[in-house]
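# Reading the structure
Spelled out from the first residue to the last, the chains are:
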Amino acid sequence: MIIIANWKAYVEDSKKAKALFAESKKLASLSALTIVIAPPAPLLSGLALRNRSRVSFAAQDVSATLGGAQTGEVTAAACAAAGASYAIVGHSERRAAGDSNAVVAEKLVHILAHDLTPILCVGERARDNEGLYLSFVREELTSALAPLSAEDRARVIIAYEPIWAIGKTAEQSIEPHDLVEMTLYIRKVLAELLPGKSSTRVPVLYGGSVEPGNIRELAGSTVDGFLIGHASVDKASFTALVRNIA
Ligand code: 13P
């Protein structure tokens, strides 16, 4: 099981960052879970460069550019140098800020080129009765993965994050049977995009209002882990989350 704590912009000072990291290290040493922290970019190197624990680090995003005269951009190379071993790409909050499928595909190439493991986020804005949300997710997966070599496609982690379920409460999160349906669908699309049985090794995670109260029932579905936002930036709730599935 992989647990990714996406701190978003909730954590803005190193004192809070260090306290959450210390707790994560403790939790990682007590369980077999893979714990990954995605801090805001300026806090990444302060935590990740001296890290000797079982916790790993992710960038929340990378720029679509290479290095050079690009004021304000945070490149995949810089994230790798800051100690990240993963990078989130295509998060709905970045897509809302303008990242198209084409931009996500470009970022994915930079992430892979710097030996970071991409966490590709996909997910529909809303559900409909005609099943259009399935083709929406298929398009997000295909546009990102199709340009890659078969080898690179197999290096990607998929995070299914329906936008309608993000930033709510456990009660408003996805129903376990709907999550099973979607993960099976994602696996079907991956099987079309990857050769042989290699798609079966691609982890499929879920994100969207995962809290201590619903993580266990969601873990009972077909997911390989979780991408957690608000419940990962409170020490007590993150501890409870991890304990509930460890
Ligand atoms: P919440 O857990 O706050 O719903 O956020 C989910 C998410 O977007 C993680 O990337």
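Further up the page is the structure itself.
A few points on the structure. (Residues numbered from 1 in each chain as written. Predicted model: local features only at pLDDT ≥ 70, side-chain atom pairs only at ≥ 80, totals over all residues. Heavy atoms only, no water.)

### Things to note about the overall build of the protein chain
Per the secondary structure count, the protein chain includes 10 helices and 8 strands. Relative to the globule expectation of 18 Å for 246 residues, the C-alpha radius of gyration of the protein chain, 17 Å, shows essentially globular dimensions. Per-residue burial for the protein chain yields a buried fraction of 53% across its 246 residues. Residue pairs in contact within the protein chain that sit at least 24 positions apart in sequence constitute 71% of those at least 6 positions apart. Accessible surface, the protein chain: about 10,900 Å² in total, of which carbon and sulfur atoms supply 53%. Counting 25 positive and 26 negative side-chain charges, the protein chain places the centres of these two groups 9 Å from one another. (Helix = DSSP H or I, 4+ residues; strand = E, 2+ residues; numbered from the N terminus. Rg over C-alpha atoms; globule rule 2.2 N^0.38 Å. Buried < 20%, exposed > 50% of the residue type's maximum accessible area, 1.4 Å probe, protein only. Contact = heavy atoms within 4.5 Å. Areas by Shrake-Rupley, 256 points an atom, 1.4 Å probe, with all protein chains shown as cover. Lys, Arg positive; Asp, Glu negative; His and termini not counted. Charge placed at Lys NZ, Arg CZ, Asp CG, Glu CD.)

### A short note on the nonpolar core
Judged by nonpolar contacts, the single largest core of 69 residues is most densely connected at Leu 120, Ile 158, Ile 186, Tyr 206 and Phe 226. Ranked by residue count, the leading element in this core is helix H8 (residues 176-193), at 7 residues. Residues in contact with Leu 120, not counting those within four places in the same chain, are Val 89, Arg 95, Val 104, Leu 141, Ala 144, Leu 145, Val 156, Ile 157, Ile 158 and Ala 159. Grouped together as the second largest cluster of nonpolar side chains are 13 residues, Val 36, Ala 38, Ala 58 and Tyr 86 included. (Core = buried A, V, L, I, M, F, W, Y, C linked by side-chain atoms within 4.5 Å.)

### Observations regarding the site of the ligand
Close to the ligand lie Asn 6, Lys 8, His 91, Glu 161, Ile 166, Gly 167, Gly 208, Ser 209, Leu 227, Gly 229 and His 230, which account for all nearby residues. Here an oxygen atom of the ligand sits 2.8 Å away from a polar atom, N or O, in the side chain of Lys 8. A distance of 3.0 Å is found between an oxygen atom of the ligand and a side-chain nitrogen or oxygen belonging to Glu 161. Coverage of the ligand by the protein amounts to 100% of the 310 Å² it exposes when considered alone. Because more than half of its atoms lie within 2 Å of the grid, the ligand is assigned to the largest cavity. (Near = heavy atom within 4 Å. Polar contact = N/O pair within 3.5 Å; in protein donor to acceptor, adjacent residues only side chain to side chain. 1 Å grid on protein atoms, 1.4 Å probe; cavity = no way out; pocket = protein on both sides within 12 Å on 5 of 7 lines; lining within 4 Å. Sits in = over half its atoms within 2 Å of the grid points.)

### With respect to the layout of surface pockets
Counted as a void, the largest pocket has a volume near 330 Å³. Lining the largest pocket are 17 residues; nearest its centre among them are Pro 40, Ala 41, Gln 60, Asp 61 and Arg 94. Class assignment for the residues of the lining of the largest pocket results in 7 nonpolar, 5 polar and 5 charged. (Points joined across faces, edges and corners; volume = space filled by probe spheres on them. Nonpolar A, V, L, I, M, F, W, Y, C, P; charged D, E, K, R; others polar.)

### Concerning the side chain of Lys 8
Here Lys 8 lies in the loop between strand E1 (2-6) and helix H1 (14-30). Separated by 2.9 Å, the side chains of Lys 8 and Glu 93 make a polar contact. Among residues more than four places away in sequence, those in contact with Lys 8 are Ala 38, Pro 40, Gln 60, His 91, Glu 93, Ile 166 and Gly 229.

### Quick look at the packing of aromatic side chains
Per the stated rule, a full pass over the model turns up 2 aromatic pairs. Arranged with centres 5.2 Å apart and planes meeting at 65 degrees, the rings of Phe 21 and Phe 57 form a pair that is edge-to-face. In this pair, Phe 21 is assigned in helix H1 and Phe 57 in strand E3 (residues 56-59), connecting sequence segments 36 residues apart. Phe 57 shares its class with Phe 21; the two are buried. Seen in terms of ring centroids, Tyr 160 and Tyr 206 are 6.2 Å apart; in terms of plane orientation they differ by 50 degrees. Their pairing is tilted. Here Tyr 160 is found in strand E6 (residues 157-160), whereas its partner Tyr 206 is found in strand E7 (residues 204-207), with 46 residues between them in sequence. (Phe/Tyr/Trp six-rings, centres within 6.5 Å; stacked < 30°, edge-to-face > 60°.)

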